[in-house]
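Spelled out, the chains give:
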Amino acid sequence: MLIDVGELKKDKGIFKNYNFVLPFSYFGFEDKKGLASLNFEGVYSKGKVLIKGKCHLSYEGVCDRCLKSIQVKIEEDFSQEFNEIFNTKQAGSDVEERYLQFNGKELDLKEYFRQFIVAIFPLKLLCFPDCKGLCQICGKPLNEGTCNCKVNHFDQRWSVLKKIKDSCSLGKDRGGVKNGSTKEKDIQNT
Ligand SMILES: [Zn+2]
Ligand SMILES: [Zn+2]
């Protein structure tokens, strides 16, 4: 992903349009199949190149709950400045700084966009917000209906609440034998 800085310098202050469509493999994302489309404009001014535009990602993902494959589309804006350096002494000591600099006539944007794309990948993918997932016993996708397994197919999001509820009712049962339960029986009998 090279930008010809020499060309931008000829027309200082004038924005040029760029359009790259690249497979994920270009950025080293071997675990996902997809395309990154990068549309932006760039300008050179006072020792800096500024780019700003839109990043579209389109790839095949997997629902975290039911493992169904889903087509994911993400759109995100970006803008970034890159600094010109004139000798290696000026260069940033760590790699993180260096990818935001350029020296000479070309600016390589590969590392910048690799990091940008990693940052916008969603942490969790769902085929739809209320996906019920798979039965833990027979593996049936519960979005298609219930199965005959003797388990509670409660929504996975409520699992924490269910644990709290279970521990509360356990406590009640233990205490109830000595205290409340006989009284309740008396009341019901009368
Ligand atoms: Zn799902
Ligand atoms: Zn089942």
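Everything here concerns the structure above.
Values in this document were obtained by computation on a predicted structure and should not be read as measured data. Counting of residues starts from 1 at the beginning of each chain's written sequence and follows it residue by residue. The lettering of chains begins at A and the numbering of ligands begins at 1, in the order of writing. Where local features are concerned, this predicted model is filtered to residues with pLDDT of at least 70; where side-chain atom pairs are given and counted, the filter is 80 or more; whole-chain, interface and lining totals use all residues.

By the convention used here, strands pair only if DSSP detects at least 2 bridges between them. Secondary structure elements follow DSSP: runs of H or I no shorter than four residues count as helices, runs of E no shorter than two count as strands, and numbering proceeds from the N terminus. Reading across the sheet, the 5 strands line up as β2-β3-β4-β5-β6 and stay open at both edges, with mixed pairing between neighbours. At either margin of the open sheet sits one strand with a lone partner, and together these are β2 (16-23) and β6 (101-102). As judged from the 2 bridges shared by strand β5 (residues 69-84) and β6, these two strands associate in the parallel manner. Directly across from N83, in β6, lies its bridge partner Q101. Residues are scored as being in contact if the C-beta atoms we place from backbone atoms lie within 7 Å. Axes here mean lines fitted to C-alpha atoms, for a helix over just the part in contact, with angles spanning 0 to 180 degrees between N-to-C directions. Set on the sheet, helix α4 (residues 110-120) makes contact with β3 (33-45), β4 (48-62) and β5; between it and β5 the angle comes to about 135 degrees.

Moving on: the pairing of β4. Bridge analysis of β3 against β4 gives 13 bridges, and the strand direction is antiparallel. Across the sheet, residue V43 finds its bridge partner in β4, namely L50. Taken together, the 15 bridges between β4 and β5 define a ladder with antiparallel strand orientation. The residue of β5 that forms the bridge with K52 is S79. Hairpin connection between β4 and β5: a loop of 6 residues separates the two successive antiparallel strands, and L67 in this loop has a positive phi of roughly 65 degrees.

A separate point is the nonpolar core. Membership of the largest hydrophobic core comes to 14 residues, with the highest contact counts inside it found for V49 and L107. At the level of secondary structure, the elements contributing two or more residues to this core comprise β3, β4 and α4. Not counting residues within four places of it along the chain, the set of residues in contact with L107 comprises I3, V5, V49, F82 and F102. To form a nonpolar core, buried Ala, Val, Leu, Ile, Met, Phe, Trp, Tyr and Cys residues must be joined through C-beta atoms within 7 Å. We call a residue exposed when 12 or fewer other C-beta atoms sit within 10 Å of its C-beta, buried when the count reaches 20 or more, and partly exposed for counts in between; the C-beta positions come from the backbone.

Time to look at the pairing of β2. Taking burial as the measure, the 8 residues of β2 include 0 buried ones, a minor fraction of the element. Two elements, β2 and β3, share 8 bridges in a ladder whose sense is antiparallel. Bridging from a neighbouring strand, N17 pairs with E41 of β3.

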